[in-house]
Amino acid sequence: MSAQPDHAPVTPYAPTPGAPTELLAPLRADQRADTWVPAFEREWAATLEEFPVKSVCSGSVR
């Protein structure tokens with residue numbers, strides 16, 4: 001018998017703050033942009049609140 005789990009643990013995905021730029025470009029180009037862009041921005045803001053991005057830099061940079 002194996003002591004290994006039969007499934008991999010799920011690691012939550014925390015998007016990077018710059019990701020919306022890539023994702024918004026095709027949405028803005030679509031004819032339904034008036035609907036999709038505001039919906040995307042709402043969902044993106046909610047996701048960032050759920051997965052707060054921690055600052056990598058603390059202190060001064062030399």
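What this report covers is the structure whose coordinates are included nearby. Throughout this description, residue numbers start from 1 for each chain and increase along the sequence as written. At least 70 in pLDDT is required for a residue's local features to be given in this predicted model, at least 80 for side-chain atom pairs to be given and counted, and no such filter applies to totals for whole chains, interfaces and linings, which use all residues. Note: side-chain values were computed over all heavy atoms of the structure, leaving out hydrogens and water.

**As for the overall build of the chain**
Working step 1: By the criteria applied, helices consist of DSSP H or I runs no shorter than four residues and strands consist of E runs no shorter than two, each listed in order from the N terminus. Along the chain, the regular secondary structure elements total two helices and zero strands.
Working step 2: Here the chain, with 62 residues, has 15% of them falling under the buried criterion.
Working step 3: For the area figures, the Shrake-Rupley method with a 1.4 Å probe applies, and any residue is considered shielded solely by the protein chains shown. Here the chain has roughly 5700 Å² of accessible surface; of this, 57% comes from carbon and sulfur atoms. For every residue, the accessible area (1.4 Å probe, protein chains only) is compared with the maximum for its type, and the residue is labelled buried under 20%, exposed over 50%, or partly exposed between those bounds.

**What about the packing of aromatic side chains?**
Working step 1: Stacked, tilted and edge-to-face are the three classes assigned to paired rings of Phe, Tyr and Trp, where Trp is represented by its six-membered ring and a pair needs centres within 6.5 Å; plane angles under 30 degrees give stacked, over 60 edge-to-face, the rest tilted. The final tally for this structure, using the stated rule, is one aromatic pair.
Working step 2: Summarising the aromatic geometry, the rings of Phe40 and Trp44 are spaced 5.7 Å apart at their centres and angled 20° between planes, so their arrangement reads as stacked. Of this pair, Phe40 and Trp44 both sit in helix α2 (residues 33-50), separated by four residues, roughly a single helical turn. For the pair Phe40 and Trp44, a shared accessibility class is recorded, and that class is buried.

**Points about the pattern of salt bridges**
Any two side chains of opposite charge can pair, so long as their charged atoms come close to each other.
Working step 1: Note on definitions: salt bridges are taken to be side-chain nitrogens of Lys or Arg within 4 Å of carboxyl oxygens of Asp or Glu. Within the structure shown, the criterion is met by two salt bridges.
Working step 2: Two residues, Glu41 and Arg28, come together in a salt bridge whose shortest N-O distance is 3.7 Å. Linking Glu41 in helix α2 with Arg28 in helix α1 (residues 19-29), this pair joins segments that are 13 residues apart in sequence.
Working step 3: With its nearest N and O atoms 3.1 Å apart, the salt bridge here joins Arg32 to Asp30.
Working step 4: Looking at Asp30, the relative accessible area reads 22%, which means it is partly exposed.

In short, geometric facts, not functional conclusions.
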